[in-house]
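Here is what each chain is made of, one letter per residue.
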Amino acid sequence: MLKYAFRRILGMIPMLLLTSIVIFTLAKLMPGDSLSGEIDPRNTNPEYIAEMREKLGYNDPLPQQYFRWISGFVEGDFGKSTRFKIDVSEVIGERLPNTILLGFSSILITYILAFIMGSYAGRKPYTLTDNLIGGLNYIGLAIPSFIAGVFAIFFFSFTLGWFPSNGSVDIGVTEGTLEWWLSRFHHVFLPAVVLGLLSTASYTQFLRNDIIENSRKDYVRTARAKGTPERKIYNVHILRNSIIPLITFLGFDIVAIISGAIITETIFTYPGLGQLFLQSVGTRDYPVLLTLTMLFSFLTLIGNLIADVLYGVVDPRIRLD
Amino acid sequence: MEIATQNEKNVLVTPPKKSLSPFAIARKKFVKNKLAIISLLFLLIVTIISILAPYITTADITRINIGQMSLEPSGKHWLGTDKSGRDVFTRLLYGGRISLLVGISCTLFVIFLGTLIGSISGYFGGAVDSLLMRFTDFILNFPFLVFVIVLNAILFGKVNGLWVLIGTISLLSWGGIARIVRSKILAEKENEYITAAISIGCSPAKVIIKHLLPNILSTIIVQATITFATMIVAETGLSFLGFGVPQEIPSWGNMLNSANEPDVLQFKLWIWVPPALIITITILSINFIGEGLKDAFNPKSKR
């Protein structure tokens, strides 16, 4: 198992290099460079711009520029943001905790909701509640997250006033206090639910079907014959077997959160990496854009890798060699 | 010998009852699925109304009319007007044209690319297979939304906006279909009729098109339905973010874009609720059709 995981991690390196070449080429293909966005050509000496371009190495051959960028990247030097005029790592570092909080809350809420709904529906299949949960799931799977987000803001923020509709924390709260943390959780709850909608639906569906399938197996019949209380059969015997396969979803969750974050953070104007990404496209802040695209691609690779490896852990029969 | 002739006689006496083809069975099952049929009817009606939009309404969708900004629904404007004074109902019809056009074109491209690469990879195997599948993995490992946005930003203004979007979405989404088609082809090509077809000298192209693809067509059709729904979500989502269809072209996503303004979201429901609802219902109905088709093509399901 370890050997397989190790080999997969090694196999990731050429993939990452190829991805970085693609990303770099794409960034170079984008119209304009960081200078054309920042300096008004009417009142700046064109010679000065040309000199700056030369100095920043924009006139060097592309492979040379690529190697300069990638070697800096590996050493943790991501360049300077042309918009914020500070290091990219600082810009990203500022937003990263917000996105991590959003991602974690989303996974946590997904787990809790799916666990409650899935285990209940699995225990009492084909009842009214099960059908209701099934219907909710179907809507959760079909409704796009941006529509769910818009409706969530309308109902829970504007009509009911339960949750704030934007930002990540109330203004004027001292950082680090309990009040500050509560305010952050208050802000992150709604986006996290919307972000986890799709996975909640699939987790619930999977858990329900797996519990139903397991309840027909021989070991359950044996437990019943021994006189084990029905509650114990479901809570201990079946649940243990049904929950393990769920961990394989974790890898896909990471992938889903990346694209989900771009949409959800924009709707809720939540200052995270997804919002930063869209802003950097809009303002042609290439150093930030490049770093974020690399980061997202890297996380997607990791997510897919985790999914594959966990499949092997859960079911040794499908271990790939 | 005797038995054989007797059998022959029996066959002659009772004319063989022609059993239904797999597609006829599927059709029968599908027709019985009420939810799927209702969804299909809904989708057809939406499509027809959208196509006939220029004949149904005469209002100009592009003209900005400052005198009629943000009017509430009334007899004259069934669903009111948006912030630029354009009739929401008319825009909904024209938006349907664009959203469905993008959805269908993307689906066709994705299915074409996915089937092409999947079937070549599955049929030839060996080095071709590993090369193509590594490439597919490579594409699948791109975060979809991120790359569509970046590609759109590059190509924007160079080619007609709509086709940029269709091209970029399609180029990044065929991976899943290719994998599914490949695995189906791998299983199907082990059959003896394929060996027979090869032994009588059929070219690979003929074997794939004439013999293999018809046998995995049901899978491709089901995948196409699911892809169609995904593509509509992709278009509307990107337009909602402002990176999809160019702003001046009405599409369902572009109409929903105005919900980004708190004022519209809170007080001008008629501007954003209709596109939101129609997107949701369309996607739901496509999903129901997909489920119905999956069920109909599944020989194990009894209905």
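Counting starts from 1 at the beginning of each chain's written sequence and moves along it residue by residue. Chain letters start at A and ligand numbers start at 1, both assigned in the order the entries are written. Residues qualify for local features only when their pLDDT is at least 70, as the model is predicted, and side-chain atom pairs are given and counted only at 80 or more; totals for whole chains, interfaces and linings, by contrast, use all residues.

Re the overall build of chain B
Formally: Put simply, DSSP H or I for four residues or longer makes a helix, DSSP E for two residues or longer makes a strand, and each gets a number counted from the N terminus. Once C-beta atoms are placed from the backbone, any two residues with those atoms within 7 Å are in contact.
Along the backbone of chain B there are 14 helices and 0 strands. When the helices and strands of chain B are placed in sequence order, the string is α-α-α-α-α-α-α-α-α-α-α-α-α-α. Considering only contacts in chain B between residues 6 or more positions apart, those separated by 24 or more positions represent 68%.

Considerations on the overall build of chain A
Counting its secondary structure elements, chain A contains 14 helices and 0 strands. Of the contacts formed within chain A by residues at least 6 apart in sequence, a portion of 72% connects residues at least 24 apart.

Details of the environment of B:Ile120
All names here are of chain B. Applicable threshold: Burial in this document is a count-based property: other C-beta atoms within 10 Å of a residue's C-beta are tallied, and the residue is buried at 20 or more, exposed at 12 or fewer, or partly exposed in between, with C-beta positions derived from the backbone.
Checked against the element boundaries, Ile120 lands in helix α5 (residues 88-124). When the 19 C-beta atoms within 10 Å are taken as the criterion, Ile120 is described as partly exposed. Taking C-alpha positions, Ile120 is 33 Å from Gly237, a pair spaced 117 residues apart along the chain. Apart from the residues within four sequence positions on either side, Ile120 is in contact with Val128 and Leu132.

As for the interface of chain A and chain B
The criterion, for reference: Classes in brief: Ala, Val, Leu, Ile, Met, Phe, Trp, Tyr, Cys and Pro nonpolar; Asp, Glu, Lys and Arg charged; the others, Gly included, polar.
Of the residues lining the interface, 28 residues belong to chain A; the matching set on chain B comes to 27 residues. Of all the secondary structure elements, the ones that give two or more residues to the side of chain A that touches chain B are α1 (2-29), α7 (145-159), α12 (249-267), α13 (273-282) and α14 (286-314) of chain A. Grouping the amino acids of the side of chain A that touches chain B by side-chain chemistry returns 22 nonpolar, 6 polar and no charged.

Let's talk about helix α10 (residues 218-226) of chain A
Among the 9 residues in α10(A), 0 count as buried, and that is only a small part of the element. Once α10(A) finishes, A:Gly227 follows within two positions and takes phi at roughly 90°, a positive value.

Digging into the environment of A:Ser89
Residues and elements named next belong to chain A. Following the sequence through the fold, Ser89 ends up in helix α5 (residues 88-123). A residue is classified by how many C-beta atoms lie within 10 Å of it, and Ser89, with 16 of them, is partly exposed. Here the alpha-carbon distance between Ser89 and Thr127, two residues 38 residues apart in the chain, equals 53 Å. Beyond its immediate chain neighbours, meaning those up to four positions away, Ser89 contacts Gly76 and Phe78.

Thoughts on unusual backbone geometry
Residues and elements named next belong to chain A. One non-glycine residue, Tyr126, lies in the positive phi region at around 60°. Summarising the element assignment, Tyr126 is placed in the loop between α5 and α6 (128-142). Overall, Tyr126 belongs to the exposed group, with 9 C-beta atoms counted inside 10 Å.

Side note on the confidence of the model for chain B
Test applied: Each residue carries a pLDDT value, the predictor's own confidence for that position, ranging from 0 to 100.
Mean pLDDT over chain B: 83, with 84% of residues reaching 70 or higher. Across the whole predicted complex the pTM is 0.83, and at the interface the ipTM reaches 0.80.

What about the packing of α12(A) against α13(A)?
All names here are of chain A. The condition that has to hold: Angles run from 0 to 180 degrees between N-to-C directions of axes, and those axes are lines fitted to C-alpha atoms, restricted for helices to the stretch in contact. Roughly parallel means an angle under 35 degrees; roughly antiparallel, over 145; roughly perpendicular, 65 to 115; everything else is oblique.
The geometry of α12 relative to α13 is characterised by a closest axis approach of 7 Å and an angle of 85° between their N-to-C directions. When the axis of α12 is compared with that of α13, the two are roughly perpendicular. Contacts from Ala261, Ile262, Glu265 and Thr266 of α12 reach α13 at Leu273, Gly274, Gln275, Phe277 and Leu278. In the contact of α12 with α13, the residues fall into 5 nonpolar, 3 polar and 1 charged.

Here's the deal with the confidence of the model for chain A
This prediction gives chain A a mean pLDDT of 82; 91% of its residues lie at or above 70. α10(A) holds the highest mean pLDDT among the elements of chain A, 89, whereas helix α2 (residues 34-38) of chain A holds the lowest, 56.

Focus on the packing of α5(A) against α14(A)
When two helices pack together, their arrangement is given by the angle between their axes and by how far apart the axes lie. Residues and elements named next belong to chain A. Test applied: We call a crossing left-handed when the near helix sits turned anticlockwise from the far one by less than a right angle, and right-handed when that turn is clockwise.
The contact between α5 and α14 brings their axes to 10 Å, and the two run at 60°. Taken together, the axes of α5 and α14 lie oblique to each other. For the element pair α5 and α14, the recorded crossing hand is right-handed. Here Val88, Val91 and Ile92 of α5 lie close against α14, whose contacting residues are Pro287, Val288 and Thr291. Here the residues of the contact of α5 with α14 sort into 5 nonpolar, 1 polar and no charged.

Brief notes about the nonpolar core
Counted only if it meets this: The term nonpolar core means buried Ala, Val, Leu, Ile, Met, Phe, Trp, Tyr and Cys residues held together as one set by C-beta atoms within 7 Å.
Counting 108 residues, the largest nonpolar core has A:Val150, A:Phe277, B:Val148, B:Ile149 and B:Ile169 as the members making the most contacts within it. Take this core: its biggest share by element is 14 residues, from helix α11 (residues 204-241) of chain B. Setting aside anything within four residues of it in sequence, one finds A:Val150 in contact with A:Ile267, B:Ala259, B:Leu265, B:Trp272 and B:Ala276. Counting residues in each nonpolar core, the second largest holds 10 residues, with A:Met117, A:Ile133, A:Ile238 and A:Leu239 among its members.

Here's the deal with the environment of A:Leu132
In this structure, A:Leu132 sits in helix α6. With 12 C-beta atoms packed within 10 Å, A:Leu132 lands in the exposed category.

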